[in-house]
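What the coordinates show
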Amino acid sequence: MFDIDIWQEIFSTIRKNKLRTFLTGFSVAWGIFMLMVLLGSGNGLQNGVRSQFSDNAENIMWMWTGETSIPYKGYKEGREIRFNNEDYDYLVGKAEGVDKVSARFYLRGDITYSYGKEYGSFTTSTCYPALADMEKIKISSGRFINDLDMMDYRKVVVIGDDIRKALFKEVDPLGKYINIGNVPFMVVGVSYDPRSRDNRQAYMPFTTAQRIYGGGNRVHTFAITTEMVKTTEEAEAIGENIRQQMASRHSFDPTDQKAMGSFNMLTEYMRTMKIFQAIKMFVWIIGIGTLIAGIVGVSNIMLILVKERTREIGIRKALGASPASVIGLILLESILITTIAGYIGLVLGVGLMEGFNYALEQMMASGSGEQIFFMNPTVDFGTAVAATLILILSGALAGYIPARKAAKVKPIEALHDE
Amino acid sequence: MIVLDSVHKSYVTGNNSLHVLKGIDLEIGAGEFVSIMGSSGSGKSTLLNILGILDDYDSGSYVLNGKKIKSLNETKAAMLRNEMIGFVFQSFNLISFKNARENVALPLYYQKVSRRKRNVIAMEYLDRMGLKDWADHLPSELSGGQKQRVAIARALISNPKVILADEPTGALDTTTSFEVMDILKEVNDQGITVIIVTHEHDIASMTRKIIRLRDGVIAEVIKNGDLQMYRDRVLAE
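**Examining the overall build of chain B**
The number of helices and strands found in chain B is eight helices and ten strands. Buried positions account for 52% of the 237 residues belonging to chain B. Expressed as a percentage of contacts within chain B between residues at least 6 apart in sequence, the contacts between residues at least 24 apart total 68%. Of the roughly 10,600 Å² of accessible surface on chain B, 47% is carried by carbon and sulfur atoms.

**Considering the side chain of B:Asp55**
Along the chain, B:Asp55 turns up in the loop between α1 (44-51) and β4 (59-64). Classification of B:Asp55 as buried rests on a relative accessible area of 15%. A distance of 3.0 Å separates polar atoms of two side chains, one belonging to B:Asp55 and the other to B:Tyr11. The contact partners of B:Asp55, leaving out residues within four places of it in the chain, are A:Ile412, B:Lys9, B:Tyr11, B:Asn49 and B:Ile50.

**Quick word on the pattern of salt bridges**
Taken as a whole and judged by the stated rule, the model has 21 salt bridges over all chains. Close ionic contact of A:Arg316 with A:Glu312 constitutes a salt bridge, the shortest N to O distance being 2.7 Å. Placement of the pair is A:Arg316 and A:Glu312 together in helix α10 (residues 310-318), with a separation of four residues, close to one helical turn. Residue A:Arg316 is classed as buried on the basis of its relative accessible area of 2%. Taking the shortest distance from any N to any O, the salt bridge between B:Asp189 and B:Arg208 comes out at 3.8 Å.

**Let's talk about the interface of chain B and chain A**
Chain B puts 25 residues into the contact, and the matching count from chain A is 27 residues. Of the roughly 2,300 Å² buried at the junction of chain B and chain A (both faces included), carbon and sulfur atoms supply 58%. Across the contact surface, chain B and chain A share one salt bridge. Across the pair A:Lys317 and B:Glu74 runs a salt bridge, and its minimum N-O distance is 3.3 Å. Scanning the region where chain B abuts chain A turns up six residue pairs in polar contact (both at pLDDT 80 or more).

**Examining helix α8 (residues 232-250) of chain A**
For α8(A), built from 19 residues, the straight-helix expectation of 27 Å at 1.5 Å per residue is met to within 8% by its first-to-last C-alpha distance of 27 Å. Within α8(A), burial applies to A:Thr232, A:Ala235, A:Ile238, A:Gly239, A:Ile242, A:Arg243, A:Met246, A:Ala247 and A:His250.

**Examining the pairing of strand β10 (residues 183-192) of chain A**
Residue and element names in this part refer to chain A. Burial within β10 is extensive, with seven of its ten residues counted as buried. Pairing analysis gives four bridges linking strand β7 (residues 138-142) to β10, with the strands arranged antiparallel. Paired with isoleucine 139 across the strands is serine 191, a residue of β10. In this structure, strand β9 (residues 177-180) lies alongside β10, joined through four bridges in antiparallel fashion. Opposite asparagine 179, over in β10, you have proline 184 as the bridge partner.

About the cut-offs
- Residues numbered from 1 in each chain as written.
- Chains lettered and ligands numbered in written order.
- Predicted model: local features only at pLDDT ≥ 70, side-chain atom pairs only at ≥ 80, totals over all residues.
- Heavy atoms only, no water.
- Helix = DSSP H or I, 4+ residues; strand = E, 2+ residues; numbered from the N terminus.
- Buried < 20%, exposed > 50% of the residue type's maximum accessible area, 1.4 Å probe, protein only.
- Contact = heavy atoms within 4.5 Å.
- Areas by Shrake-Rupley, 256 points an atom, 1.4 Å probe, with all protein chains shown as cover.
- Polar contact = N/O pair within 3.5 Å; in protein donor to acceptor, adjacent residues only side chain to side chain.
- Salt bridge = Lys/Arg side-chain N within 4 Å of Asp/Glu carboxyl O.
- Buried area = accessible area lost by both parts, 1.4 Å probe.
- Expected span 1.5 Å × (residues − 1).
- Pairing = 2+ DSSP bridges.

Structure, rendered in structure tokens:
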């Protein structure tokens, strides 16, 4: 089936009908081109949105307290609920489905940071060492808060890059003391956020802050990461379970959203990813639809071709061509046209998206593309291979009916068909 | 070589059934040179199709070279056609985008003969037809007589037992017709059975046996002495 003769025959017919072959091929190329562009755009959007999530772990959950809005177990509404250090111990030790925990104590009022003559007002995030993983904090020099800092109530701080620039200019800040609300803290690290959102933030050991700024055992918010689960339902269940536990610890109605608020990133993340799955499916349906139009076109052309070549097929049969060899001839030509045309479409589509990606990366590098919800809009290798296989299959499909028709050609009728 | 025993064939179109062959008994020995004559509608094309295994028949029997031909599947029929029968058509039926050599070599392609080998053999046959210099020409660049000689070379290349020629001179002028008939005669001299369907008396008179069909049956068989008389009569006209 793959000897040189059959290819020569196919090429000689293609050469005879250049325009027709081109137009047929074009419809297929267009179909696959659109599929690649759509898939690439879908991927780009998904990657873009996913990168928005990537500021934090996907499975992070924040909890905070407020005043009750529903009377509960004899308590009146309007009672203030407060997290405390025991809640931290509970979450770390006993709570189900919890991976890492960090607590935060808010410092009151504006806190001035100063070093020498330089000063400025910055946000202080008090935390446990686990926060580094939970919020994906990047350290450009030095280290993050560690367990020893916590145990010894050390007065150390990790400053964001903007704080470093404001206070230290070109001086190396590591080991230097800065005054934070008139308390000297040693700088042990510099953090860096490529999206420059958290660069005006400093990280301080939770225990130290609680002790220095008079927090008692008060905790304002908790950040926890839950175990990674596969469904939205499971993610919601973990959050709900923690809420139940906290409600019983602090005697408030579990349905009281004012008493304790929470935001579960995992459910949001999963919901968003589900939307993208739907988009992807939609894109495939459109792409396949376009491709089918191409296939029908090829099939149509091949039918005309068979009709035009009826006489030739009849001669071949009279000379001893078996039905199988006739089918092979038509099928192979159809597959050849679709595959080559489709491959051109594939390369153009992927090329366009790669070029687009290159431009995007240039924009990102120059810092002007931070707010773009679009990233790496390319099609992965597996998809391209799948598309190629679909093409070959389409070619076979397109050639099938014409080939069967060709195999049914009766030599007598074909030869008398003047 | 060919034995037909009360072969019947009818074509059914809708509710109408057209009884074309109404019991043909025919025997053609190896090496015979036969023409089949008859007016249109006499069934001569149908008979030729059956002889060429291009069409099946309804009842009776057809034995070709000791092998019964009946209800063969397409692949088998194609194989038998390739091995046993060489076709020559009125309209030449060369493949337009293939040159003379490729056209001649085509039957060998279906015998899975290698490309180089079949091209060599095709050149031999073209040479025999005096068309060596035209091997690379497309059919559109050849004259009618040349085309028919290419077609005869193609029919001969698979070493068939029988040559079936359907009005081989129908599209040619008298001189070329006679040339083609001379070639067919030579072919016959090598021991190959040649069967010609024609309605031209002068062409038929050049064969050694004339089978006349009328309304689906064999009306007469002219041979030997009768044939000589027939020839004289044709020549006198």
